[in-house]
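Coordinate analysis (summary)
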Amino acid sequence: MTDSRTGGAAGTILFVVPSLHGGGAEFVARTWMAWLVSRGYTVSVVTTSMKATGEYLPQGVTSYSVGRAKGQTAKARAVKDLFDVTGAEVAVGLQSYANLVLLTAQVMAGAKSPKVIVSERNLVSLGLRGADLAHRSKSWMARRLYRRADHVIAISHPVARELVASYGIRGDRMTVVPNPATAKVAGRERIRREPSETSIQIALPCRLVTQKRPMLAIDTAAELNRRGITAEVVSFGGGPLRDELVAAAATANVTFIEHNW
């Protein structure tokens with residue numbers, strides 16, 4: 001497979017994702033797909049849920065859904081069939097469940113499977129305490145199936161470290177690719193603020209979930225305020241810990257500013 005900028009033939013890539021909207025991983029998937037299309041690759045995407053895709057589908061990308069299939073095995077079988085339909089040379093999964101569906105499809109396809117890349121977005125171990133049986137089972141399967149992937153993408157070096165230490169992924173089969181955060185503000189006018197040595201904004205550009213440890217931002221702002229340095233926390237994503245953070249900020253007398261995605 002050759003990048004179109006070199007003048008060679010571009011390849012065919014299939015993405016497997018839960019959906020095309022709803023969170024940061026979905027945004028990353030759309031960004032990667034649009035980038036590949038712009039460079040001459042043929043890109044398809046299959047979603048594992050029933051969420052609508054039309055409004056969020058990048059231009060030039062063909063979409064499929066296996067949302068009606070019941071259970072991981074049935075969804076994986078449907079993805080395996082799409083290997084032939086799309087002629088995919090490479091299949092890329094994002095998020096744990098989509099990764100497991102893709103890897104199961106790889107096992108089913110055997111030698112006919114395209115090269116498989118999975119992308120892990122979280123420190124899974126931080127979300128295991130108090131997790132339900134379904135989540136623990138998904139983590140157990142990931143620890144056994146991820147090492148079958150031809151390559152693994154980690155969102156950060158801490159995630160990569162966990163994949164090496166707990167999942168048995170070799171370092172030479174993994175690449176750290178940070179989220180394309182700057183793409184979210186492309187074309188927008190930059191907001192300019194007067195620099196100040198006594199004023200700090202702590203940004204939370206993530207869902208407010210346990211594995212992100214957002215309470216550290218509140219604790220940090222409270223400590224800075226105690227030392228005479230004005231600090232506030234700005235959140236760019238809701239989540240199940242939202243009310244807990246609002247209450248903690250109020251108790252600690254920390255300014256907590258919320259924005260949506």
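Remember, it's a predicted structure, so these values are computed and weren't measured experimentally.

Examining the overall build of the protein chain
When you go through the protein chain residue by residue, the secondary structure sums to 7 helices and 10 strands. The proportion of buried residues among the 261 residues of the protein chain is 41%. Intrachain contacts of the protein chain at a sequence separation of at least 6 include 64% that bridge at least 24 residues. A total of about 14400 Å² of accessible surface is found on the protein chain, and carbon and sulfur atoms cover 52% of it.

Describing helix α2 (residues 71-86)
Count 3.6 residues to each turn of an α-helix, and residues three or four apart come out pointing the same way. Under the 1.5 Å per step criterion, the end-to-end length of α2 is 22 Å for 16 residues, consistent within 8% with the ideal 22 Å. Inspection of α2 places Gln72, Lys75, Ala76, Val79, Leu82, Phe83 and Thr86 among the buried residues, and these make up the whole buried set. Summarising the axial view, the buried residues of α2 lie within an arc of 115°, below the 170-degree limit, and thus occupy one face. Residues Asp84 and Val85 are exposed on α2 and point more than 90 degrees away from its buried face. At the exit of α2 stands Gly87, carrying a positive phi of roughly 65°.

Some remarks on the sheet that holds strand β2 (residues 42-47)
Pairing within the open sheet is parallel, and its 7 strands lie in the order β3-β2-β1-β4-β5-β6-β7. Where the open sheet ends on each side, the last strands, each with one partner, are β3 (62-65) and β7 (174-176). Along the sheet, successive strands turn relative to each other by an average axial angle of 20°, direction set aside. Here 5 bridges tie strand β4 (residues 90-94) to strand β5 (residues 115-120), and the two strands are oriented parallel to one another. Residue pairing for β5: Val90 is matched across the bridge by Lys115.

What to know about the confidence of the model for the protein chain
When pLDDT is averaged across the protein chain, the result is 86; 86% of the residues are at 70 or more. Here residues 4-9 is modelled with pLDDT under 50, and outside its nearest four sequence neighbours on either side it reaches 8 contacts, counting other chains as well.

Focus: the sheet that holds strand β8 (residues 199-204)
Ordered by their spatial adjacency, 3 strands build an open sheet running β8-β9-β10, and the pairing between neighbours is parallel. Taken across any chain shown, the strands that pair with only one partner, and hence form the sheet edges, are β8 and β10 (255-258). The mean angle between the axes of side-by-side strands here comes to 25°, regardless of whether they run parallel or antiparallel. Pairing geometry for β8 and strand β9 (residues 230-235), over 6 bridges, is parallel.

Quick look at the pairing of β9
Regular strands place their side chains on alternate faces of the sheet. Remark: the β8/helix α6 (residues 215-226)/β9 crossover connection has right-handed handedness. Where β9 meets β10, 4 bridges bridge the pair, whose relative direction is parallel. Directly across from Glu232, in β10, lies its bridge partner Thr255. For the handedness criterion, the β-α-β arrangement of β9, helix α7 (residues 242-251) and β10 is classed as right-handed.

Focus on the nonpolar core
Ranked by internal contacts, the top residues of the largest apolar core, which has 33 residues, are Val79, Phe83, Tyr146 and Leu163. Elements represented by at least two residues in this core include exactly β1 (12-17), α2, α3 (96-109), β5, α4 (133-145), β6 (151-154) and α5 (157-167). Here this core gets 7 residues from one element, more than from any other, and that element is α3. Discounting residues that sit within four places of it in the chain, Val79 has contacts with Val16, Val46, Val66, Val101, Leu102 and Ala105. With 19 residues, the next largest nonpolar core counts Val17, Met33, Val61 and Ile153 among its residues.

Notes on the environment of Asp150
Summarising the element assignment, Asp150 is placed in the loop between α4 and β6. Expressed as a C-alpha distance, the spacing of Asp150 and Ile117, which sit 33 residues apart in the sequence, is 5.9 Å. Setting aside anything within four residues of it in sequence, one finds Asp150 in contact with Gln106, Pro114, Lys115, Val116 and Arg173. A distance of 2.8 Å separates a polar side-chain atom of Asp150 from the backbone nitrogen of Val116.

Rules used in this analysis
Residues numbered from 1 in each chain as written. Predicted model: local features only at pLDDT ≥ 70, side-chain atom pairs only at ≥ 80, totals over all residues. Heavy atoms only, no water. Helix = DSSP H or I, 4+ residues; strand = E, 2+ residues; numbered from the N terminus. Buried < 20%, exposed > 50% of the residue type's maximum accessible area, 1.4 Å probe, protein only. Contact = heavy atoms within 4.5 Å. Areas by Shrake-Rupley, 256 points an atom, 1.4 Å probe, with all protein chains shown as cover. Expected span 1.5 Å × (residues − 1). Arc of directions from axis to C-beta. Pairing = 2+ DSSP bridges. Axes fitted to C-alpha atoms, helices over the stretch in contact; angles between N-to-C directions. pLDDT = per-residue confidence, 0-100. Right-handed = clockwise from strand over helix to strand, strands pointing away. Core = buried A, V, L, I, M, F, W, Y, C linked by side-chain atoms within 4.5 Å. Polar contact = N/O pair within 3.5 Å; in protein donor to acceptor, adjacent residues only side chain to side chain.

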